[in-house]
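# Architecture at a glance
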Amino acid sequence: MQFKSVNLDLSVPRVMGILNVTPDSFSDGGQFYQKEHALRQAEKMIKDGAHFIDIGGESTRPGAKPVSLQEELDRTIPAVESISSTFDTIVSIDTSKPQVMLEAVAAGAALINDVRALQEDDALQVAASTGANVCLMHMQGQPRSMQVSPHYHDVVDDVAAFLAERVAACEAAGISRTQILIDPGFGFGKTLSHNYQLLDRLEELHSLKIPLLVGMSRKSMIGNVLKRDVNDRQAGSIAAATIACIKGAQIHRVHDVKETVDALKIVSAMRTDFEYK
Ligand code: 7PM
């Protein structure tokens with residue numbers, strides 16, 4: 001798959017590192033230190049084997065309150081600009097706002113990662129106009145209330161149907177299928193049971209013939225099984241990524257890049273013909 005100047009072979013599993021852009025910028029010299037911090041985080045993840053750096057400035061945590069456009073721009077654009085110009089990596093912008101999409105792609109982002117699958121006003125047209133690739137994620141409801149009472153006829157069929165509809169909407173707006181990634185949106189308007197049904201039947205999402213991105217890292221679907229708080233979910237997250245990889249997920253959005261890359265290399269080794277087969 002082509003991402004601006006980078007051609008990435010998705011027949012091997014790839015890792016997207018999650019970059020924290022801290023909400024509280026210090027009043028004096030904050031800009032400089034924020035940028036330096038983002039650069040250091042990105043450098044470590046790239047050294048550890050990430051091919052994507054995902055930069056997000058809006059908290060989509062259940063119950064979180066929306067972030068203003070200016071605040072989201074202030075948090076993300078300097079990081080997108082400095083990382084894109086410093087490293088040969090694929091920068092992804094995690095946003096639903098058309099203005100953030102525009103400015104982020106102008107600053108070097110090659111992928112628009114939208115948890116709302118380009119359903120906000122103007123998002124589809126603006127994303128198409130940038131020429132960037134897009135990741136379409138499924139979410140039931142809105143972050144504020146999505147975990148209240150998630151309901152599906154069949155969660156896998158419903159998610160697949162939604163993603164198929166959004167892919168069609170992208171194509172109608174001029175975004176080619178070859179520019180699209182799909183994502184079932186683990187934790188976004190789903191019960192624990194829904195999340196594990198999606199993982200168990202993940203291969204069904206390949207019927208769309210579009211590369212699959214998954215994000216389960218440190219989420220409550222891991223924490224609720226293990227009864228561990230958010231900073232103690234690494235092993236569980238790696239197990240989940242390993243399962244998704246075996247089921248053919250091409251891109252894994254994670255916090256713990258080094259450990260996940262190692263785990264996915266074990267899956268690749270199993271698939272490699274070492275002349276024993
Ligand atoms: C608080 C709660 C902060 C949840 C952040 C989150 C995904 C994503 C996120 C995903 C894609 C997180 C989420 N999750 N984008 N953005 N897929 N494509 O746990 O699963 O990182 S935000």
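First, a word on scope: everything that follows refers to the structure included in this document. Only a predicted model underlies this, so the values are computations on that prediction, with no experimental measurement involved. (Residues numbered from 1 in each chain as written. Predicted model: local features only at pLDDT ≥ 70, side-chain atom pairs only at ≥ 80, totals over all residues. Heavy atoms only, no water.)

Our next topic: the sheet that holds strand S3 (residues 14-20). Sheet architecture is open: 8 strands sit in the order S8-S7-S6-S5-S4-S3-S10-S9, paired in parallel fashion. Looking along the sheet, the strands with just one partner apiece sit at the ends: strand S8 (180-183) and strand S9 (213-214). Sheet topology note: the strand S6 (residues 111-114)/strand S7 (residues 133-137) ladder contains 4 bridges and is parallel. For Ile 112, the partnering residue across the bridge sits in S7 and is Val 134. Here helix H9 (residues 257-271) sits on the sheet in contact with S3 and strand S10 (251-254), set at roughly 170° to S3. (Pairing = 2+ DSSP bridges. Helix = DSSP H or I, 4+ residues; strand = E, 2+ residues; numbered from the N terminus. Contact = heavy atoms within 4.5 Å. Axes fitted to C-alpha atoms, helices over the stretch in contact; angles between N-to-C directions.)

On to the side chain of Asp 256. Its location among the elements puts Asp 256 in the loop between S10 and H9. Here Arg 218 takes part through its side chain, which lies 3.1 Å from a polar atom of the side chain of Asp 256. One polar contact links Asp 256 to Gln 234, side chain to side chain, over a distance of 3.3 Å. In this structure Asp 256 touches Arg 218 and Gln 234, once residues within four positions along its chain are discounted. (Polar contact = N/O pair within 3.5 Å; in protein donor to acceptor, adjacent residues only side chain to side chain.)

Just distances and angles here, no functional claims.
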